[in-house]
Amino acid sequence: MSAHRSRGDPGFFFSRRRGLAAVVAVVALGMAGCSPRFNFREVKLAEARCVISLPDKPQTAQRELDFNGRRVTMDMTSTGVGPTLFALGVAQLPPEAVAPAQLDATVAWFRDGLLRNVGGTLTGTTVVGLAAPVGRAVRTAQAVTARGRIGADRKAVLAARFYVVDDRLYQVVALGAEGEIPADVVDTFFDSFRLTE
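Residues numbered from 1 in each chain as written. Predicted model: local features only at pLDDT ≥ 70, side-chain atom pairs only at ≥ 80, totals over all residues. Heavy atoms only, no water.

S.K.: Before we move on, can you summarise the packing of aromatic side chains with the specific residues and values?
M.R.: Tallying each qualifying case throughout the model produces nine aromatic pairs. Judged by centre distance (6.1 Å) and plane angle (80°), the rings of Phe38 and Phe86 are edge-to-face. With Phe38 in the loop between helix H1 (17-30) and strand S1 (41-45) and Phe86 in strand S5 (residues 84-92), the pair connects residues that are 48 residues apart, well separated along the chain. The exposure class of Phe86 is buried, given its relative accessible area of 0%. Ring centres of Phe67 and Trp109 lie 4.8 Å apart, and the angle between their planes is 85°; this geometry places the pair in the edge-to-face category. Here Phe67, found in strand S3 (residues 59-67), pairs with Trp109, found in helix H2 (residues 103-117); they are 42 residues apart in sequence, far enough to count as distant. Taking relative accessible area as the criterion, Phe67 reaches 1% and is therefore assigned buried. One aromatic cluster is present, built from ring pairs that chain together Phe38, Phe40, Phe86, Phe189 and Phe190. (Phe/Tyr/Trp six-rings, centres within 6.5 Å; stacked < 30°, edge-to-face > 60°. Helix = DSSP H or I, 4+ residues; strand = E, 2+ residues; numbered from the N terminus. Buried < 20%, exposed > 50% of the residue type's maximum accessible area, 1.4 Å probe, protein only.)

S.K.: Help me get a handle on the layout of surface pockets, residues and values and all.
M.R.: Counted as a void, the largest pocket has a volume near 320 Å³. What lines the largest pocket is a set of 15 residues, and nearest its centre among them are Glu47, Ala48, Asp75, Val90 and Arg168. Those elements that place two or more of their residues in the lining of the largest pocket are S3, strand S4 (70-81) and S5. In terms of residue count, the dominant contributor to the lining of the largest pocket is S4 (five residues). Looking at the lining of the largest pocket, its residues break down into seven nonpolar, five polar and three charged. (1 Å grid on protein atoms, 1.4 Å probe; cavity = no way out; pocket = protein on both sides within 12 Å on 5 of 7 lines; lining within 4 Å. Points joined across faces, edges and corners; volume = space filled by probe spheres on them. Nonpolar A, V, L, I, M, F, W, Y, C, P; charged D, E, K, R; others polar.)

S.K.: Lay out the sheet that holds S1 with the relevant residues and their values.
M.R.: Read from one edge of the open sheet, three strands run S1-S2-S10, paired in antiparallel fashion. The open sheet has two free edges, formed respectively by S1 and strand S10 (194-195), since each of these has just one partner strand. Examined bridge by bridge, strand S2 (residues 50-54) and S10 share two bridges and lie antiparallel to one another. Each bridged residue has a counterpart across the sheet, and for Cys50 the counterpart in S10 is Leu195. (Pairing = 2+ DSSP bridges.)

S.K.: Go over the sheet that holds strand S9 (residues 168-177), please, and point to the residues and values.
M.R.: Taking strand neighbours across the sheet as the criterion, the seven strands line up as S3-S4-S5-S9-S8-S7-S6 in an open arrangement whose pairing is antiparallel. Lying at the two open borders of the sheet, with one neighbouring strand each, are S3 and strand S6 (121-127). Across the sheet, the mean angle separating the axes of adjacent strands is 20° when strand polarity is ignored. With nine bridges connecting them, S3 and S4 associate as antiparallel partners. By the bridge assignment, Gln62 is partnered in S4 with Asp75. Seen against the sheet, H2 touches S3, S4, S6, strand S7 (138-150), strand S8 (154-165) and S9 and runs at an angle of roughly 155° to S8. Sheet strands in contact with helix H3 (residues 183-192) are S5, S8 and S9, and its direction is about 165° off that of S9. (Axes fitted to C-alpha atoms, helices over the stretch in contact; angles between N-to-C directions. Contact = heavy atoms within 4.5 Å.)

S.K.: Account for the pattern of salt bridges, with residues named and values stated.
M.R.: By the definition in use, this model includes seven salt bridges. Asp166 is the salt-bridge partner of Arg136, the closest N and O atoms lying 3.0 Å from each other. Highlighted residues: Arg136 in the loop between S6 and S7 and Asp166 in the loop between S8 and S9, separated in sequence by 30 residues. Comparing Arg136 with Asp166 shows no difference in burial state: the two are buried. Where Arg147 meets Glu178, a salt bridge forms, and the shortest distance between an N and an O atom there is 2.7 Å. (Salt bridge = Lys/Arg side-chain N within 4 Å of Asp/Glu carboxyl O.)

S.K.: Before we move on, could you go through the pairing of S4 and cite the residues and values that matter?
M.R.: Here S3 folds back onto S4, and the loop between the two strands holds two residues, one of which, Asn68, carries a positive phi near 50°. Across eight bridges, S4 lies against S5 in antiparallel orientation. Within S5, the residue paired with Gly80 across the bridge is Leu85. Where S4 folds back onto S5 in an antiparallel hairpin, the turn is made up of two residues, including Gly82, whose phi is positive at roughly 60°.

As structure tokens, this is what we get:
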């Protein structure tokens, strides 16, 4: 399977740098006059069969993607605190996308789309672990870090986890201006993600 750019990029919540800048600006404006606090609250996503903690009341959105000629729907649950953004995207993948020989290409397609949306440069990639309930199969689990931009002039740091479990892709993303997401906050966010039966 070749990786082609979609009309709807996989990191659609960050679908255009201009759109991302607007989202961050609105969130920052809403938080003006108070110090950003990362008060994580657990969010259970029954249909997606997972749980994650987010530092504010989440918003949800949905978009159809053209994934190598197949229609794939991604559901995004996200929230922002100050100039930071936390999101979980979930997409059910076609059978060929989860075949062992295609897993790397599948993850690369979503990863590269996300990087394009922030003008990002990949700075690291590692294999990570993910516990799964009995009967669920973790096919791949990867962590990536990148540097990019928010709008035209703010440097940004992006950290993401990409999990393919059974026939679903989970895209867990933390994005913020450089120096504004404490390491322990990022760890809390990623560690909170878990699969359910």
